[in-house]
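This is what each chain is made of:
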Amino acid sequence: MEVPEVFRFPFEPYPIQLDFMKNLYQCIEQGKLGIFESPTGTGKSLSLICGTLSWLTDHDQHKKLQLEQKLNILKKADELEVTSKPSANELGEPRWFTLATKNVRNSHEQRRIMSELNKILQQEERIKKLKQRVQNISSNALNNSESELHVFAANTKKYQTSELVTLEDDDMLIKDDSDEELPVEEPCEEMLDDTKIIFASRTHSQISQFVREVKKSPFGDGIRLISLASRQQLCINEDITSLKNSTLMNERCLEMQKNRSSSTSKTDDGRPLKKAKKSSCPFRDHKRIQLLRDISVTEVADIESLILSGKKQNACPYYAARTAISDAQLIVVPYATLLKKNTRESCGLKLHNNVIIIDEAHNLLDAISSLHTICIWGHQISQVHWQLLQYHQRYNACLSAKNVLPIKQLLFFLSCLMKSLGMHGKPSEHNHQVGLEVECKGDEKMYECSKFCVEAGFDHINIHALVEFCEKTKLPQKLLNFKPVTAEVTPIGAFKTFIGKLQSDRVQKDCAPIGETDWKGTSLMPILEFMRCLRNSDQDGRVLCVKKVLPSGGYLKYLLLNPGALFKDFVNEPRAVIVAGGTMQPNSEFRFQLFGAAGSAQSRIMTFSCDHIIPPDHVLPLVLTRGPSNKELDFSWANRSNLLDELANFLSNINQVVSGGVVCFLPSYDFERQVFEHWIRNNYISKLENRKKLFREPKEAKDVEHVLSEYARSIRQFTNPSSKCGKNGAMLLCVVGGKLSEGINFSDDLARCVVVVGLPYANSQAATLKEKIDYLDNNTASFLPEGEVRSPGQIYYESLCFKAVNQSIGRAIRHSKDYAVLILADHRYSRPNSISSLPGWIARHLKVSANFGPSLASIRKVKIFS
């Protein structure tokens, strides 16, 4: 298909929006892997919607037209064969044999095409009837009457799980394969395998915003859209939502779907007690779910609307959304649903021949690594070991030898993990071999997966078989009834025991961060995730073992080093993949660490970056290499403490000429504290506040909203012409990569100037970062383009810095009429590699100033401040 010159759009698109949609259309049509950058405020979401849905509409029509044309050609060929004169072919075969062969071939092809056309026609007819059926349902039928609601509420009580309900021993037993009931496969209608658009974003709020944009688009009335989410977002059963934890909610939902027979037991005092009957969730009614599914397909609804409809229909939104996938054209999902293979497959979400769009993708590699990084703590391992031991002791006599063996293997595996953290009061009995681990700071060691298995002592166990056994037997759910007992194991020695007790509270507090997953109930679930990670290639990940004085505070953490290895399905199966964002520079990590590492040829990768929609005189990006006293601005770690006075004077000058809000980003929290304390000691605070009231990024996330509201209120107050206090706005000190550097909109007067001080390079000696850099240097050098002198590790290290810088810069200029000055205060920003790492719309207009005076004068001369 040719790229159209005109696209359906809610208004006359800007030239950059039209270019975006044309390139997007071409990328999908040619089956490429696209990296698309469109600055915030340029209508990126709307351009994505109109570009992709225009292609999808054209593609469906073109596919149907092609099938009809092929069918007509084959029918005409049959007619010509009948009227043609008989003659021998080149091989000398008889005419009747040649005709028969062609007839068979043509008939087979006609049947195939007719089958495809019939599927398309049946789909169209079914959707038409579905919409008609939903329209014909009156409002009285859609809303349960008051009496019906009372009946439903009464029936719901029967389904609610009583605290006295426990699993029967028969349910707790692990059955042999021969004892398992095989599911009865019901014949299902053959569905049309049509191409779908799968849109993914990071948060549910971003997904809801995208759905609202779809509604406003010209495709809002005709597109079939469905939003997928987890049970935490979509479940409406209070018995499940009260658990507040995703793992417990999943387990309770699955358990409530099983029909259990009631039984009688006795209380402690001998009285008979009838247990409550466990049955399906009251919202899992097939007819009501089908009705909710039909409604959700025919109306563009976000998650909140789907939940409201589910409550109105007394039907489960979670399962209604899943069943609607086959009829949907546009499927909207969060990152976790799309990027985790197990979750994706359990939802029935297919990649094959579909178009994948991943929005807000500037941190996509970090998101993939985070989703596949798992941390298990010493107390979790000891708890599940105790639970499994109690289960084994109770049911050992009832289990077959075939099932006892993997349970014993799992117990041994858990004991090995405990020994690796020193939880048995003595070090591992295994001899340390040279090269098995990389020494890290303190009690940290980094292992390759296979070497960790050898070092821990379970290298002879088939991890894959153990994981399959736990999944098939639903062992984590069976352990729920065995309440874990925390038995702290302290180190040997009186002094260590004393130190362990002193640090107990601190260690338990430290157990919350550092990536601990939100697992509760049974700790076997995160351990299973950890076991799955151990099956990955040695090159793709590492195991970090961290020991603490109090052993249960130690942890094992799997670190994914190669996100591209888990992105191979996205390169091979979909028709096209588009990663889009407001700041996608530097894009080398997408080309080489994501698409390249996943096996894609560089020729298949397509990049697009558009300019901003604001006029050229509405933005002034500057690189300042020297301060007011002509000192070189070098805010590297070794030199930054010498420039505290220069920074204060520099910002004071900026405050004099810029009216409104000034947002200043500093490279770290420590430096921000150092700067503020120095300013207090040297009376710079009062000098700065002569023109702008000073605010600081809060330490606690809960205080962010209050600080931002006070900051905005001060700007409104001091920029008011009637104000006679001498101030012209407010200044906000933030940290790059902090709470205010991403997801916050400083539009209009909130950020008339954004200052980024220094380059926020990460600590290169951190164990995880060092391992990542070493991996890239050793495995991805072949992906680099010719002429690149930097190593892959160096490119990655610099890209981490500039991704954070670009996000900070992007807080300003939020719409077409906005304006701001963007100042990069460090001479290192003038290097060619630094300039190429900035967003294209900034790099193209960037000015490098060697002296502070002319820079300040250029700010004064800008139209917006004149």
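In the nomenclature of an unreviewed UniProt entry, the protein is known as Helicase ATP-binding domain-containing protein of Daphnia magna. A UniProt comment under Sequence similarities (unreviewed entry) is attached to the protein, and it reads "Belongs to the DEAD box helicase family. DEAH subfamily. DDX11/CHL1 sub-subfamily." Looking at the protein in UniProt, the text filed under Subcellular location (unreviewed entry) is "Nucleus".

Participant: How should the overall build of the protein be read in this particular structure?
Facilitator: Each helix and strand in the protein was counted, giving 35 helices and 21 strands. Here the protein holds 866 residues, and the buried ones make up 49% of them. In the form shown here, the protein has an accessible surface area of approximately 41,500 Å², with 51% of it arising from carbon and sulfur atoms.

Participant: What should I look at first to understand the confidence of the model for the protein in this one?
Facilitator: Low pLDDT marks regions whose predicted coordinates should not be analysed in detail. Looking at the protein as a whole, its pLDDT mean stands at 80, while 80% of the residues score no less than 70. Of all the helices and strands in the protein, strand S9 (residues 438-439) carries the lowest mean pLDDT, 38, while strand S7 (residues 355-358) carries the highest, 96. Every residue in residues 273-279 scores below 50 in pLDDT, and together they form 30 contacts with partners more than four places removed in sequence or on other chains.

Participant: Looking at this model, I keep getting lost on the sheet that holds S7. Mind explaining?
Facilitator: Two strands in a sheet stick together by hydrogen bonds in their backbones, pointing the same way (parallel) or opposite ways (antiparallel). Across the sheet, which stays open at both edges, the 7 strands sit in the order S3-S6-S2-S7-S13-S1-S14 with parallel pairing between neighbours. Edge positions in the sheet fall to strand S3 (225-227) and strand S14 (605-609), since each has one partner strand and no second. Each neighbouring strand pair of the sheet contributes to a mean axis angle of 15 degrees, computed without reference to strand direction. When S7 meets strand S13 (residues 576-581), the two strands line up parallel, connected through 4 bridges.

Participant: Hey, could you run me through the nonpolar core in this one?
Facilitator: Across soluble globular proteins, nonpolar side chains show a tendency to be buried alongside one another. Ranked by internal contacts, the top residues of the largest apolar core, which has 103 residues, are Phe413, Phe458 and Phe567. Top element by residues in this core is helix H18 (residues 401-420). It accounts for 9 residues. Contacts of Phe413, omitting those with residues within four sequence positions, involve Phe458, Ile461, Ile463, Ile527, Met531 and Leu534. Formed by 38 residues, the second largest nonpolar core is a distinct cluster that contains Phe36, Leu330, Val355 and Met606.

Participant: Mind showing me how you'd approach the packing of helix H27 (residues 644-657) against helix H28 (residues 669-681) here?
Facilitator: The relative placement of two packed helices is expressed as an angle between their axes plus a distance between the axes. The N-to-C vectors of H27 and H28 enclose an angle of 80 degrees; their axes lie 10 Å apart at closest approach. On the basis of their axis angle, the class for H27 and H28 is roughly perpendicular. On the side of H27, the interface is formed by Leu644, Asp645, Leu647, Ala648 and Leu651, while H28 contributes Phe671, Gln674, Val675, His678 and Trp679. Residue classes in the contact of H27 with H28 are distributed as 7 nonpolar, 2 polar and 1 charged.

Participant: Looking at this structure, how should I read the packing of aromatic side chains?
Facilitator: Here a ring pair, both rings aromatic, is described through the centre-centre distance and the interplanar angle of the planes. For the structure on display, the rule yields 21 aromatic pairs. The interplanar angle of 85 degrees and the centroid separation of 5.9 Å between the aromatic rings of Phe650 and Phe852 together place this pair among those described as edge-to-face. Residue Phe650 is located in helix H27, and its partner Phe852 is located in helix H35 (residues 852-861); the two are separated by 202 residues in the primary sequence. By relative accessible area, which is 2% here, Phe650 ends up buried. With 6.3 Å between their ring centres and 90 degrees between their planes, Tyr711 and Phe746 make a pair best called edge-to-face. Taken as a pair, Tyr711 in helix H30 (residues 704-718) and Phe746 in the loop between strand S18 (729-735) and strand S19 (753-757) lie far apart in primary sequence, 35 residues in all.

Parameters and conventions
- Residue numbers restart at each chain and count upward from 1, following the sequence in its written direction.
- The predicted origin of the model limits local features to residues at a pLDDT of at least 70 and limits the giving and counting of side-chain atom pairs to 80 or more, whereas totals for whole chains, interfaces and linings rest on all residues.
- Hydrogens and water molecules were not included; the side-chain quantities draw on all heavy atoms of the structure.
- UniProt positions are given in the numbering used here, feature names are shortened, and annotations may be inferred rather than shown by experiment.
- Only DSSP runs of H or I covering at least 4 residues are called helices, and only runs of E covering at least 2 are called strands; the numbering of each starts at the N terminus.
- Only protein chains enter the accessibility calculation, which uses a 1.4 Å probe; a residue whose area is less than 20% of its type maximum is buried, one above 50% is exposed, and one in between is partly exposed.
- Values of accessible area rely on a 1.4 Å probe in the Shrake-Rupley scheme; residue burial ignores everything except the protein chains shown.
- Every residue is assigned a pLDDT by the predictor, reflecting its confidence on a scale from 0 to 100.
- Whether two residues are in contact is decided by their heavy atoms, any of which lying within 4.5 Å being enough.
- We call two strands paired when DSSP finds no fewer than two bridges between them.
- Structural elements are reduced to axes, namely lines fitted to C-alpha atoms, with helices fitted over the stretch in contact, and the angle between N-to-C directions of any two is expressed from 0 to 180 degrees.
- As used in this record, nonpolar core signifies buried Ala, Val, Leu, Ile, Met, Phe, Trp, Tyr and Cys residues forming a set joined through side-chain atoms within 4.5 Å.
- Should an angle fall under 35 degrees it is taken as roughly parallel, and over 145 as roughly antiparallel, whereas 65 to 115 is taken as roughly perpendicular and any remaining angle as oblique.
- Here the nonpolar group is Ala, Val, Leu, Ile, Met, Phe, Trp, Tyr, Cys and Pro; Asp, Glu, Lys and Arg are the charged ones; every other residue, Gly included, is treated as polar.
- What counts as a ring pair is set by centres within 6.5 Å for rings of Phe, Tyr and Trp (its six-membered ring), and what kind of pair is set by the plane angle: stacked under 30 degrees, edge-to-face over 60, tilted for all other angles.

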